[in-house]
Amino acid sequence: MTEGLSNEEIACMRAAGRVAALILKKLKKCVRPGVTTKYIEESFDNYLKEYPEMESAFKGFMGYPASLCVSINDEVIHGIPSEERTIKEGDLVSIDLGIKYKGLFVDTAYTYIAGRAQPPAKKLLKASLKALYEGIKKAKPQATTGDVGSAVQSFIEKQGFAVVRKFVGHGIGRALHQHPEVPNFGTPGKGDELSDGMAIAIEPMVTAGNYDVEVAKDGWTAKTRDGSLSAHFEHTVAITKKGPVILTRI
Ligand code: MG
């Protein structure tokens, strides 16, 4: 078993998490009709330059070609920024970013609306964000990944939405993706036990229709198979004796 993160390591992740949250908030202003998803990536790169010790955790990860992911509407995750992709009025724009700092990693995501959204889309975002916090509440020592997943799933399904099965949250810290897997579904008491000094990325990926997703021809972009809208929110959370500590907040 891997040794838990030290307080110093968690402090480094907190520092990186604060920057990730600050930049993610700044990127909200970049999400508007008429801009390209490449522009979002360039803005991220420019903001991150202000922190010379920090770098994108995604660029080059498993061969990923960009510094962050921008996924629109039926795209759930892993959308590759492009000059060819222009954001339109009412689009749901999910931005997922990770930062590496002193050999440690944080990961966070938020779904924004470009301009004005339709009420069903607003309901989807509100439920997905709330589900993230329902999951976080369960992230304590001796709890299990099933407790977290079950909290997310039951909240989402009560709202009439679905959680993606094919992609899951994950342990994080000395690597971007590490043990354990943290699904957004599950059974209380099942799965892997959480312990003090662990950090996990909890990331509800929610769809307005069926949860089934397929990967596009680019080899990355995961989209809902039925074309339904989706949302994605994520925090990196430290498991501590005092309870869950959200590292990716301002
Ligand atoms: Mg993640």
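In this numbering scheme, every chain counts its residues from 1 along its sequence in written order. The model is predicted, so local features are restricted to residues of pLDDT at least 70 and side-chain atom pairs to those at 80 or more, both for listing and for counting; the totals for chains, interfaces and linings are taken over all residues. Excluded from the side-chain calculations are hydrogens and water; all other atoms, namely the structure's heavy atoms, are used.

Engineer: Got a minute to help me understand helix 4 (residues 145–158) in this structure?
Structural biologist: Each α-helix winds once per 3.6 residues, and so residues spaced three or four apart point in a common direction. Between its first and last C-alpha atoms helix 4 spans 20 Å; for 14 residues at 1.5 Å apiece the expected length is 20 Å, and the two agree. Residues of helix 4 that are buried make contact with helix 3 (119–137), strand 6 (162–163), strand 8 (178–182), strand 9 (198–202) and strand 10 (205–207). Helix numbering and strand numbering both begin at the N terminus, where a helix is a DSSP run of H or I of at least 4 residues and a strand a DSSP run of E of at least 2. Downstream of helix 4 by one or two residues, G160 has phi in the positive range, about 85°. Multiplying one less than the number of residues by 1.5 Å gives the expected span of a helix. The contact criterion used is simple: two residues touch if any of their non-hydrogen atoms lie within 4.5 Å.

Engineer: What is the right way to look at the environment of T108 in this model?
Structural biologist: Turning to its location among the elements, T108 is positioned in strand 5 (residues 104–113). For every residue, the accessible area (1.4 Å probe, protein chains only) is compared with the maximum for its type, and the residue is labelled buried under 20%, exposed over 50%, or partly exposed between those bounds. According to the relative accessible area criterion, T108 is buried, its value standing at 1%. Beyond its immediate stretch of four places on either side in the chain, T108 contacts A20, L24, I95, D96, L97, E234, H235 and T248.

Engineer: What am I meant to see in the coordination of the magnesium ion here?
Structural biologist: When a metal carries six donors in an octahedron, the ideal angles between them are 90 or 180 degrees, while four donors in a tetrahedron ideally lie at 109.5 degrees. Coordination partners: N, O, S within 2.8 Å of the metal, 3.2 Å for Na, K and Ca; water not considered, so apparent gaps in a site are possible. Only D107 (OD), H170 (NE2), E203 (OE) and E234 (OE) from the protein reach the magnesium ion as donors, at distances of 2.2 to 2.4 Å. Mapping the donors of the magnesium ion onto the primary sequence gives the spacing D-x62-H-x32-E-x30-E. Taken together, the residues span a long stretch of sequence, with H170 in strand 7 (residues 169–171) and E203 in the loop between strand 9 and strand 10 at a distance of 33 residues. Overall, H170 belongs to the buried group, its relative accessible area being 5%.

Engineer: Looking at this structure, how should I read the sheet that holds strand 12 (residues 222–224)?
Structural biologist: Sheets are built from strands paired through backbone hydrogen bonds, the pairs being either parallel or antiparallel. With antiparallel pairing, the three strands of this open sheet are ordered in space as 3-12-11. What marks the edges here is a single partner per strand, and that holds for strand 3 (75–77) and strand 11 (213–215). Ignoring strand direction, the axes of neighbouring strands in this sheet form an average angle of 40°. Here a strand pair is declared whenever DSSP counts at least two bridges between the two strands. Summarising the sheet, strand 3 and strand 12 pair through two bridges and their orientation is antiparallel. From the neighbouring strand, E75 faces strand 12, where its bridge partner is K223. To obtain each axis, a line is fitted to C-alpha atoms, and for helices this fit is confined to the stretch in contact; angles are then taken between N-to-C directions over 0 to 180 degrees.

Engineer: Sorry if this is basic, but what is going on with the packing of aromatic side chains here?
Structural biologist: For any pair of aromatic rings, the description rests on two quantities: the centre-to-centre distance and the angle between the ring planes. Between the rings of Phe, Tyr and Trp (Trp by its six-membered ring), a pair exists once the centres lie within 6.5 Å; its type follows the angle of the planes, with under 30 degrees stacked, over 60 edge-to-face, and the other angles tilted. As enumerated under the stated definition, the model contains three aromatic pairs in all. Connected via pairs of aromatic rings, a cluster forms that spans Y110, Y112 and F233. Sitting over the face of the ring of Y211, R165 holds its NZ or CZ atom 3.8 Å from the ring centroid. A ring has a charge above it when a Lys NZ or an Arg CZ is no more than 6 Å from the ring centre and no more than 35 degrees off the ring normal.

Engineer: Looking at this model, I keep getting lost on the side chain of S56. Mind explaining?
Structural biologist: Looking at the element boundaries, S56 is found in strand 1 (residues 54–56). Look at S56 and you get buried, because its relative accessible area is 14%. Of note is the side chain of S56, whose polar atom sits 3.1 Å from the backbone nitrogen of F58. A distance of 3.1 Å separates a polar atom in the side chain of S56 from the backbone nitrogen of K59. Filtering out sequence-adjacent residues up to four positions away, S56 remains in contact with F44, L48, S67 and G98. Here a polar contact means two N or O atoms within 3.5 Å. Within protein one must be a hydrogen donor candidate and the other an acceptor candidate, and residues neighboring in sequence count only if both atoms are side-chain atoms.

Engineer: Looking at this structure, I do not really get the pairing of strand 8. What am I missing?
Structural biologist: The two faces of the sheet receive side chains in turn, since in a regular strand these alternate between them. Inspection of the sheet shows strand 7 paired to strand 8 by three bridges, in the antiparallel sense. Residue pairing in the sheet places G171 in a bridge with Q178 of strand 8. The antiparallel pairing of strand 7 with strand 8 creates a hairpin that spans six residues between the two strands, and G173 there sits at a positive phi of about 155°.

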